[in-house]
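Residue strings, one per chain:
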Amino acid sequence: MENETQSLSHGSDADEHVALGWTWFHKHGSPRFWAAPLVGLSDPAFRILVRRYGTQMAHTEMVDAAGFAVSPSYRKQFFLPKNSDTPPSSETDRPLVLQLGGADIETLDDAVAVALADARCDAIELNCGCPQRCARKGGYGAFLLDAPRREHLLAIITRLSSRLTAAKVPLLVKMRVLESIEDTVAVARQIQDAGASIVTVHGRTRRQGGGAHTAGTGRLASWPHIRAVKDALTIPVIANGNIPDAAAITACLEATQCDGVMSGCGLLRNPALFSDARGTGLAQATARLSLERTTHATPRGCEPNASSVCDPAEPSRDDWGVAGALVTEYLVLARTCHAHWTAVSKHLLWILTHRGLKTRAPALHDAIVGLRFDDDTADAAIGTLQSMVTRVWHL
């Protein structure tokens, strides 16, 4: 990888935001493994779970800048409490990137100011990748990359970078590729020159959508697009797209020469994905499962370990067992982090459905699909699920 030599080449005449990007990147251990921002799924409980299993950098989901700037109750849902006497607290969930969505410069700037004062994140990211209808209507996300909006996008980056760089906090930008490699590189260069300190490139166009909607369609992320951006920029570049398993992580880093790799759907199916990439393998996860069977609880002091992603059509017995350990651990975190019922239900389905949940444990499947709770009933509802999981996996 070239990041070390690149960072040393930045002399005193280099743009401050470029040097800041590398300084921040190295300060946090030159993170190779990044958890993607996922709407409704990048909740604190899940972020802590994937950190235990090899993730080195995590994001919030895309947060509406307008709501974040003015509403304490809205902000509260994306973070753990600070300095809590009852763990986990926000200090557990670091380093953390807050991703903001929006197109109004003043509103985004206000949201950044609030985030700096709140001090529960380590960097701010501007979403330039959301392809959804709400982003089209609001003119934000991937629609900021359109030629008519480009000048406005660069003005946003310049304003936010100015405030953040003064505070020694980097501005990250998550973008999608355009149809041609040449156009993608041109926009990425403009984004860097406007003030971005780190860029993540999702290798699909806006029209291709995301990984959850492209499985089996042949609409793979373009690693050649990402490689061209990496070759053209002088800031850290993170690759995103086509990361279903550990082998893909290695292949992506080799093909793109990027400084890190980001996974979304791959991590949802296997929260221990990045531990697999580190080669810690199934054995440690199996040992963790054996310990849980002995103690009937999730061990707190274990080192990060791994599970294995198997063929969805033929889930192995070992993989099914490790899935039980991951689900058990997530439910403990969901309870202590006060996760919303929609996040709990979706995470369990992501982990278990392709491993044959409906056939292997139909009652548990129905309970997950029908899950609903509020603040008063959360403990009882999650406790019921925990009891069912214990019976299914004989914990």
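Residues numbered from 1 in each chain as written. Predicted model: local features only at pLDDT ≥ 70, side-chain atom pairs only at ≥ 80, totals over all residues. Heavy atoms only, no water.

A. View of the overall build of the chain. In terms of regular secondary structure, the chain is built from 19 helices and eight strands. Long-range contacts, defined here as pairs at least 24 residues apart, represent 70% of the contacts in the chain between residues at least 6 apart. For the chain, the exposed surface amounts to about 16500 Å²; the carbon and sulfur share of it is 52%. (Helix = DSSP H or I, 4+ residues; strand = E, 2+ residues; numbered from the N terminus. Contact = heavy atoms within 4.5 Å. Areas by Shrake-Rupley, 256 points an atom, 1.4 Å probe, with all protein chains shown as cover.)

B. Just the environment of V187, in detail. With respect to the secondary-structure elements, V187 resides in helix α9 (residues 181–194). A sequence separation of 41 residues divides V187 from D146, and the C-alpha atoms of the two residues are 9.8 Å apart. Residues in contact with V187, not counting those within four places in the same chain, are L145, R150, M175 and L178.

C. Examining helix α18 (residues 362–369) more closely. When we look at burial in α18, the residues that qualify are L364, H365 and I368. Within α18, the buried residues cover an arc of 105 degrees as seen down the axis, which keeps them to one side. Facing away from the buried side of α18, by more than 90 degrees, are the exposed residues A363 and D366. Looking at the buried side of α18, the elements it contacts are α16 (341–352), α17 (357–360) and α19 (378–393). (Buried < 20%, exposed > 50% of the residue type's maximum accessible area, 1.4 Å probe, protein only. Arc of directions from axis to C-beta.)

D. Quick peek at the packing of α16 against α18. Running from N to C, α16 and α18 cross one another at 145 degrees; their axes reach a closest spacing of 9 Å. Contact residues: S345, L348, L349 and L352 in α16; L364, H365, I368 and V369 in α18. Among the residues making up the contact of α16 with α18, the classes are represented as six nonpolar, two polar and no charged. (Axes fitted to C-alpha atoms, helices over the stretch in contact; angles between N-to-C directions. Nonpolar A, V, L, I, M, F, W, Y, C, P; charged D, E, K, R; others polar.)

E. A look at the sheet that holds strand β6 (residues 198–202). Spatial ordering of the open sheet is given by β1-β8-β7-β6-β5-β4-β3-β2, a layout of eight strands whose pairing is parallel. Looking at strand neighbours, the two that pair on one side only are β1 (33–35) and β2 (58–64), the edges of this open sheet. For this sheet the average axis-to-axis angle between neighbouring strands, irrespective of direction, equals 25 degrees. In this structure, strand β7 (residues 237–240) lies alongside strand β8 (residues 260–263), joined through three bridges in parallel fashion. When the sheet's bridge partners are listed, A239 is paired in β8 with V261. On the sheet, helix α11 (residues 246–256) packs against β1, β7 and β8 and is oriented at approximately 135 degrees with respect to β8. (Pairing = 2+ DSSP bridges.)

F. Looking closely at the packing of helix α8 (residues 147–166) against α9. In contact at an axis separation of 8 Å, α8 and α9 are set at 30 degrees when each is read in the N-to-C sense. For the element pair α8 / α9, the angle class is roughly parallel. Where α8 crosses over α9, the handedness of that crossing is right-handed. In this structure, α8 contributes R150, L153, L154, I157, T158 and S161 to the contact, and α9 contributes V187, Q190, I191 and A194. Counted by class, the contact of α8 with α9 contains six nonpolar, three polar and one charged residues. (Parallel < 35°, antiparallel > 145°, perpendicular 65-115°, else oblique. Left-handed = near helix turned anticlockwise from the far one by under 90°.)

G. Fine view of the environment of E182. Within the secondary structure layout, E182 lies in helix α9. Residue classification places E182 among the exposed residues on the basis of a relative accessible area of 59%. Distance from E182 to V229, taken between C-alpha atoms, is 9.3 Å for residues 47 residues apart in sequence.

H. Fine view of the nonpolar core. With 118 residues, the main nonpolar core has I191, Y330, V344, L352 and L364 as its most contacted residues. Counting residues per element, this core draws most heavily on helix α15 (residues 317–336), which supplies nine residues. Among residues more than four places away in sequence, those in contact with Y330 are D43, A45, F46, L49, A339, A343, V344, H347 and L348. (Core = buried A, V, L, I, M, F, W, Y, C linked by side-chain atoms within 4.5 Å.)

I. Representation of the pattern of salt bridges within the structure. Following the criterion strictly, the structure yields 14 salt bridges and no others. Across the salt bridge formed by R159 and E106, the nearest N and O atoms sit 2.8 Å from each other. Here the residue R159 occupies a position in helix α8, and E106 occupies one in helix α6 (residues 105–118), the gap between them amounting to 53 residues. Taking relative accessible area as the criterion, E106 reaches 44% and is therefore assigned partly exposed. Note that R335 and D379 form a salt bridge whose closest N and O atoms lie 3.5 Å from each other. One end of the pair, R335, is in helix α15; the other, D379, is in helix α19, and 44 residues separate them in sequence. Taking the relative accessible area as the measure of exposure, R335 reaches 31% and is therefore partly exposed. One salt-bridge network, in which partners are shared between bridges, spans E106, D109, R159 and R163. (Salt bridge = Lys/Arg side-chain N within 4 Å of Asp/Glu carboxyl O.)

J. Here's a closer look at unusual backbone geometry. Put simply, R94 and P95 share a cis peptide bond, and its omega is -5 degrees. Positive phi is not limited to glycine here, since S30 has a value of about 50 degrees. Tracing the backbone shows S30 in the loop between α2 (16–27) and β1.

K. Quick peek at the packing of aromatic side chains. All told, the structure shown has six aromatic pairs when counted by the stated rule. Measuring from ring centre to ring centre gives 6.5 Å for W24 and W34, while their planes differ by 55 degrees; the resulting arrangement is tilted. One end of the pair, W24, is in helix α2; the other, W34, is in strand β1, with ten residues separating them in the sequence. Ring centres of F68 and F79 lie 6.2 Å apart, and the angle between their planes is 65 degrees; this geometry places the pair in the edge-to-face category. Residue F68 is located in helix α4 (residues 65–70), and its partner F79 is located in the loop between α5 (72–76) and β3 (96–101); the two are separated by eleven residues in the primary sequence. Given the relative accessible area of 0%, F68 is considered buried. Note that R75 overlies the ring of F68, its terminal NZ or CZ placed 5.8 Å from the centroid. (Phe/Tyr/Trp six-rings, centres within 6.5 Å; stacked < 30°, edge-to-face > 60°. Lys NZ or Arg CZ within 6 Å of the ring centre and 35° of its normal.)

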